[in-house]
Amino acid sequence: MSFLIILGGLPGSGKTALARTLARRLPALHLRVDTIEQAMLAAGQAPGALGYGIAQALATENLRNGLTVVADSVNPVAASRAGWRDAATAAGAPFLDVAVFCSDAAEHRRRVETRTADIAGHRLPDWAAVLALRFEPWDAALRIDTAGIAPDAAADQVIARLRTGNR
């Protein structure tokens, strides 16, 4: 059975590392909004909500094809999170909301300030931009603190939750 894993959290929280690990271990399709938005920018289009809409349409299509999808995006507002849930519902697939965060502010800042872009042309936010990001409260089914744990340990938490069926 396919399912949608909806990751969300501030830049530098560990979402992409977790998404890549889950994609390899499950296996699943890693659907990264940053990649879509960068392609839109390269084509002269402003991403905004459209980038999320494209990603969610791709998620629905791949879920209908029987693939598990890991959605990797900041998901700062309730509307983006609802869009992912709607994508799963349209495909008849279950979903799991996962809020990813790093409780160690010094570690989070270090990650933001030392990482390099892995998408051609992608401009990563600096620490000030991360702090300024408006992130609406989220009552996610699973909250994962990546401070002091490796992506494999974070993936273990997601996989354990999927196995219990408690979404």
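Look up a bit, the structure's there.
These remarks concern the structure in this document. Remember, predicted model here, so these are calculated numbers, not experimental data.

Some words on the packing of helix α1 (residues 15-25) against helix α7 (residues 151-164)
Right, so step 1: Contact geometry for α1 and α7: axes closest at 9 Å, N-to-C directions at 65 degrees. For the element pair α1 and α7, the recorded crossing hand is right-handed. In this structure, α1 uses Ala17, Leu18, Thr21, Leu22 and Arg25 to contact α7, whose residues at the interface are Pro151, Asp152, Ala154, Ala155, Asp156, Val158 and Ile159.
Right, so step 2: Looking at the contact of α1 with α7 residue by residue, the classes come out as eight nonpolar, one polar and three charged.

Comments concerning the environment of glycine 12
Right, so step 1: Looking at the secondary structure, you find glycine 12 in the loop between β1 (4-8) and α1.
Right, so step 2: When the C-alpha atoms of glycine 12 and alanine 82 are compared, they prove to be 23 Å apart, with 70 residues separating the residues in sequence.
Right, so step 3: Other than its neighbours up to four places away in sequence, glycine 12 contacts His108, Arg111, Val112 and Arg115.

Comments concerning the pattern of salt bridges
Right, so step 1: In the structure shown here, the tally under the stated rule is 10 salt bridges.
Right, so step 2: For aspartate 97, the salt bridge identified is with arginine 85, shortest N-O distance 3.5 Å. Taken as a pair, aspartate 97 in strand β4 (residues 95-101) and arginine 85 in helix α4 (residues 78-91) lie far apart in primary sequence, 12 residues in all.
Right, so step 3: Given the relative accessible area of 25%, arginine 85 is considered partly exposed.
Right, so step 4: Arginine 134 is paired through a salt bridge with glutamate 136; the nearest N and O atoms lie 2.4 Å apart.
Right, so step 5: By relative accessible area, which is 57% here, arginine 134 ends up exposed.
Right, so step 6: The partly exposed category is assigned to glutamate 136, whose relative accessible area is 21%.
Right, so step 7: Through salt bridges with shared partners, a single network forms among Arg20, Arg32, Asp34 and Asp118.

Here we look at the packing of aromatic side chains
Right, so step 1: Applying the stated criterion across every chain, the model contains zero aromatic pairs.
Right, so step 2: A cation sits over an aromatic face here: arginine 81 above phenylalanine 135, 5.0 Å from the ring centre.

Quick word on helix α2 (residues 33-42)
Right, so step 1: Taken residue by residue, α2 has Val33, Ile36, Glu37, Gln38 and Met40 as its buried positions.
Right, so step 2: The secondary structure elements touched by the buried residues of α2 are β2 (29-32), α3 (48-64), β3 (69-72) and α4.

Quick look at the packing of α3 against α4
In a pair of packed helices, the angle between the axes and the distance between the axes together describe the arrangement.
Right, so step 1: For the pair α3 and α4, interaxial distance at closest approach is 8 Å and the crossing angle is 25 degrees. Relative to α4, the element α3 is oriented roughly parallel. For the element pair α3 and α4, the recorded crossing hand is right-handed. When α3 is examined against α4, the residues Tyr52, Ala55, Gln56, Ala59, Thr60, Leu63 and Arg64 are found in contact with a partner set consisting of Ser80, Gly83, Trp84, Ala87, Ala88, Ala90 and Ala91.
Right, so step 2: When its residues are assigned to classes, the contact of α3 with α4 shows nine nonpolar, four polar and one charged.

Some points on the pairing of β3
Right, so step 1: In β3, alternate side chains face the same way, and those of Val69 and Ala71 on one face and Val70 and Asp72 on the other are all buried.
Right, so step 2: Here β1 pairs with β3 via four bridges, running parallel. Of the residues in β3, the one forming a bridge with isoleucine 5 is valine 70.
Right, so step 3: Across four bridges, β2 lies against β3 in parallel orientation. Bridge assignment links histidine 30 to a residue of β3, and that residue is valine 70.

A closer look at unusual backbone geometry
Right, so step 1: Look at the link from leucine 26 to proline 27: it is a cis peptide, with omega at -15 degrees.
Right, so step 2: Position of proline 27 relative to the elements: it lies in the loop between α1 and β2.
Right, so step 3: Phi is positive for asparagine 75, close to 55 degrees, though the residue is something other than glycine.
Right, so step 4: You can see asparagine 75 is positioned in the loop between β3 and α4.
Right, so step 5: Judged by relative accessible area, asparagine 75 falls into the buried class, the value being 0%.

What counts, and at which threshold
- Residues numbered from 1 in each chain as written.
- Predicted model: local features only at pLDDT ≥ 70, side-chain atom pairs only at ≥ 80, totals over all residues.
- Heavy atoms only, no water.
- Axes fitted to C-alpha atoms, helices over the stretch in contact; angles between N-to-C directions.
- Helix = DSSP H or I, 4+ residues; strand = E, 2+ residues; numbered from the N terminus.
- Left-handed = near helix turned anticlockwise from the far one by under 90°.
- Contact = heavy atoms within 4.5 Å.
- Nonpolar A, V, L, I, M, F, W, Y, C, P; charged D, E, K, R; others polar.
- Salt bridge = Lys/Arg side-chain N within 4 Å of Asp/Glu carboxyl O.
- Buried < 20%, exposed > 50% of the residue type's maximum accessible area, 1.4 Å probe, protein only.
- Phe/Tyr/Trp six-rings, centres within 6.5 Å; stacked < 30°, edge-to-face > 60°.
- Lys NZ or Arg CZ within 6 Å of the ring centre and 35° of its normal.
- Parallel < 35°, antiparallel > 145°, perpendicular 65-115°, else oblique.
- Pairing = 2+ DSSP bridges.

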